[in-house]
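The residues making up each chain are set out below.
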Amino acid sequence: MMRVLSIDYGRKRTGLAVTDPLQIIANGLATVSTATLLDFLETYITKESVERIVIGKPLQMNGQPSENLKRVEAFVNRWKKLHPEIPIEYYDERFTSVLAHRAMIDGGVKKKVRRDNKGLVDEISATIILQDWLLSRK
């Protein structure tokens, strides 16, 4: 089987997570500068087989699009033109940042590390998006 990759797309940083080849478990992959995201993904898909990409759809609490949705849609459109063979789909990302912060606290990540390593929350958010997506398919 092939991996599924998830993206928590941000203006400055983007969190990435990926499944195992059997698509059972989601694991954090990396946090990259959004400016280098396409290059990172190009390199990654040459090394690993990726079946699909799941990208967080940024919505407000009332279900309306957030300000980041336009940037996400622009990225999705670029991806579809470059790699029509690898589908990309949206998945609701509401609450993932809150859950990621909670997971870091519950996991014993020190306050200084949480403050200094802002990319960690993006990677954990991508992992939560992917794990939720996996569960929604069962």
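Scroll up a little and you will see the structure.
What this report covers is the structure whose coordinates are included nearby.

**Topic: the environment of D132**
Alright, step 1. As for its placement among the helices and strands, D132 is situated in helix α5 (residues 118–136).
Alright, step 2. Between the alpha carbons of D132 and E93 there is a distance of 9.5 Å; along the sequence they are 39 residues apart.

**What to know about the pattern of salt bridges**
Alright, step 1. One pass over the structure, following the stated rule, counts four salt bridges.
Alright, step 2. Among the salt bridges present, the one from R71 reaches E67, with a minimum N-O distance of 3.7 Å.
Alright, step 3. The class for E67 is exposed, based on a relative accessible area of 67%.

**Thoughts on helix α2 (residues 69–82)**
Alright, step 1. Taking 1.5 Å per residue as the helical rise, α2 with its 14 residues ought to reach 20 Å, and the 20 Å between its terminal C-alpha atoms agrees with that figure.
Alright, step 2. Looking only at α2, the buried set comprises L69, V72, F75, V76 and W79. End-on view of α2: buried residues confined to an arc of 125 degrees, all on one side of the axis. Exposed and oriented more than 90 degrees from the buried face of α2 are K70 and K81.
Alright, step 3. Residues of α2 that are buried in the fold lie against β1 (3–8), α1 (37–47), β4 (50–57) and β5 (88–92).

**Thoughts on α1**
Alright, step 1. What α1 keeps buried is the set L37, L38, L41, Y44 and I45. Along the long axis of α1, the arc covered by the buried residues comes to 125 degrees, so they all point the same way. Exposed residues pointing more than 90 degrees away from the buried face of α1 are listed as D39, T46 and K47.

What counts as what
- Residues numbered from 1 in each chain as written.
- Predicted model: local features only at pLDDT ≥ 70, side-chain atom pairs only at ≥ 80, totals over all residues.
- Heavy atoms only, no water.
- Helix = DSSP H or I, 4+ residues; strand = E, 2+ residues; numbered from the N terminus.
- Salt bridge = Lys/Arg side-chain N within 4 Å of Asp/Glu carboxyl O.
- Buried < 20%, exposed > 50% of the residue type's maximum accessible area, 1.4 Å probe, protein only.
- Expected span 1.5 Å × (residues − 1).
- Arc of directions from axis to C-beta.
- Contact = heavy atoms within 4.5 Å.

Worth remembering: the numbers are spatial, not functional.
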